[in-house]
Amino acid sequence: MTQTDSIAVDIEEAMSEAAGAAPVLALSEPSTRAGWLRAIADRMDDDSDALVELASRESHLTVPRLTGELVRTTFQLRLFAETVEDGRYLDARIDHADPAWPMGARPDLRRVLRPLGPAAVFAASNFPFAFSVAGGDTAAAIAAGAPVVVKAHSAHPELSRAVARHVHTALADAGAPRGVFALVEGREAGRALVLDPRLTVATFTGSLAGGRALFDLAASRPEPIPFYGELGSVNPVFVTRAAAEARSQQIADGFAASMTLGVGQFCTKPGVLLVPDGSALTRQVVEAVRATAGGPMLTDAIRDGFYGSLDPLADRDDVELLAGSAERLDQPTPTVYATDAATFLAHPEELLEEHFGPAALLVRYGSDDELRAVAHSLHGQLTATVQGEDGDRVGDLVEVLAAKAGRVLFNGWPTGVSVSYAQQHGGPYPATTAPHFTSVGTASIARFLRPVAYQDTPDAVLPPALQEANPLGIPRLVDGAQE
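The structure displayed is predicted, hence computed values, not measured ones.

> Requested: an account of helix 8 (residues 208-220), with residues and values cited.
Spanning 13 residues, helix 8 covers 18 Å between terminal C-alpha atoms, matching the ideal 18 Å at 1.5 Å per step. Taken together, the buried positions of helix 8 are occupied by Gly-211, Leu-214, Leu-217 and Ala-218. Buried residues of helix 8, seen end-on, are gathered within an arc of 120 degrees and therefore sit on one face of the element. Those residues of helix 8 that are buried lie in contact with strand 3 (119-122), helix 7 (187-195), strand 6 (201-205) and strand 7 (227-230).

Written as structure tokens, this is what we have:
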């Protein structure tokens, strides 16, 4: 890989070709799309050293971190290839005609998921491989049979073009039709993409302000479309008294490592830590955070936004700075502010703001009632964590957190989102705009599909997934029983 000149196209070309490819993809064989995904993964693996070097130069992220992220990215592509071939994602259901059905004679009904159509994917800044041009959203959309138009992120334009070139070449060599994939660039291109009447669905990972603006655009269209935005989360961690007494140093070290991972530029970074009042844990957290190092952030704009988000905390009399510095340095210092639960509960809107970077708010609580009250005060979150011990009566707390977050952890840390079958990376607003979906794991394919039922339809006209002979050999629910 040596070329990084522009491969991006304009919106009209991208959407015209995507709209033309959509019917072809909807009828394509699952094994064919699986081959496309594996071909993309193979090309990226073959050029991994050069891609990682380019990503490191543009993003300021380390080579080891990016090497692991590229492994994750090609793993995602291959996992979706397996998902397509397995066929469970289609949720195929068949109810044969039944004149004796208790609710009256039942017609022959067959239901399956089919692709929505052209999809927009807005790449993220903080994961230049895994949530970018050939990341999880792109893999899921192509797996579903939806053409993809990726809006490149301005934080890593050269890498975006290089990866796009690999995707184009892999698809062409594998015999995919034109229009399966395209890259566009620029803020105005993103707005035009969401408003294009040929677009059927969009995904986004980024800021609350940017995601909400695009979400509102998607809803304002004459024909609104689904917009799956991941917007913001503070990922609170609740430490019980028993846990603080039993393993305070372990918790302090784990929190500091998770909070500063990637210079705090993870959407799952723990940004609020609840600790018992009077516990040694407060001191140990401060010491552990002071022992960590800062580093360059992804872009100057992200760094400036991080400092701007901390200004309101620095200006408050009821919040104290325990670690770090309010000084605006080129490389931010890991920072911890602190307050008590009463103050937090009196000002949740101000104190629950996300700080995208190496900073967190420590909240001291005096009773279990205060701990639960803080949980109830939360907005929607991607994650919520309980650090507890056997015998802790935290069932009610966990139940509250399950209503607030998409993933509830026990004695772990939220950074590190496994790509798997049961993963849930989403949550109630403002964590995401669609809490019933995930953007990580094989279930994320559902965002690019919609159900269609066929009634009394001739077998030859049915999609292969619903034909009586089951030519795809996929799992199906037939007359209420798993086939």
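From this point, things continue past the structure.
> An account of unusual backbone geometry is requested, with residue identities and associated values reported.
Cis geometry is adopted by the peptide bond preceding Pro-430, which originates at Tyr-429 and carries an omega value of 10 degrees. Secondary-structure assignment places Pro-430 in the loop between strand 14 (405-410) and strand 15 (449-455). You will see that Asp-91, though not glycine, has its phi angle at about 50 degrees, which is positive. Along the chain, the position of Asp-91 falls in the loop between helix 4 (63-86) and strand 1 (93-95).

> Help me get a handle on the sheet that holds strand 15, residues and values and all.
One key point about sheets: their strands pair by backbone hydrogen bonds, in either a parallel or an antiparallel sense. Across the sheet, five strands lie side by side as 15-2-1-16-17; this open sheet has mixed pairing. The open sheet has two free edges, formed respectively by strand 15 and strand 17 (481-482), since each of these has just one partner strand.

> Provide a residue-level description of the pairing of strand 12 (residues 359-365), including the pertinent values.
Judged by how many residues are buried, strand 12 sits mostly within the fold: seven of seven residues are covered. What you see with strand 12 is no split at all: Ala-359, Leu-361, Val-363 and Tyr-365 on one side and Ala-360, Leu-362 and Arg-364 on the other are buried throughout. For strand 9 (residues 272-276) and strand 12, the ladder comprises five bridges, and the chain directions are parallel. Note that in strand 12 the partner of Leu-273 across the bridge is Leu-362. Direction of pairing for strand 11 (residues 335-340) relative to strand 12: parallel, over a ladder of six bridges. Its bridge partner being in strand 12, Thr-335 is matched across the sheet by Ala-359.

Calculation notes
Residues numbered from 1 in each chain as written. Predicted model: local features only at pLDDT ≥ 70, side-chain atom pairs only at ≥ 80, totals over all residues. Heavy atoms only, no water. Helix = DSSP H or I, 4+ residues; strand = E, 2+ residues; numbered from the N terminus. Expected span 1.5 Å × (residues − 1). Buried < 20%, exposed > 50% of the residue type's maximum accessible area, 1.4 Å probe, protein only. Arc of directions from axis to C-beta. Contact = heavy atoms within 4.5 Å. Pairing = 2+ DSSP bridges.

Bear in mind that shape data such as this cannot, by itself, settle questions of function.
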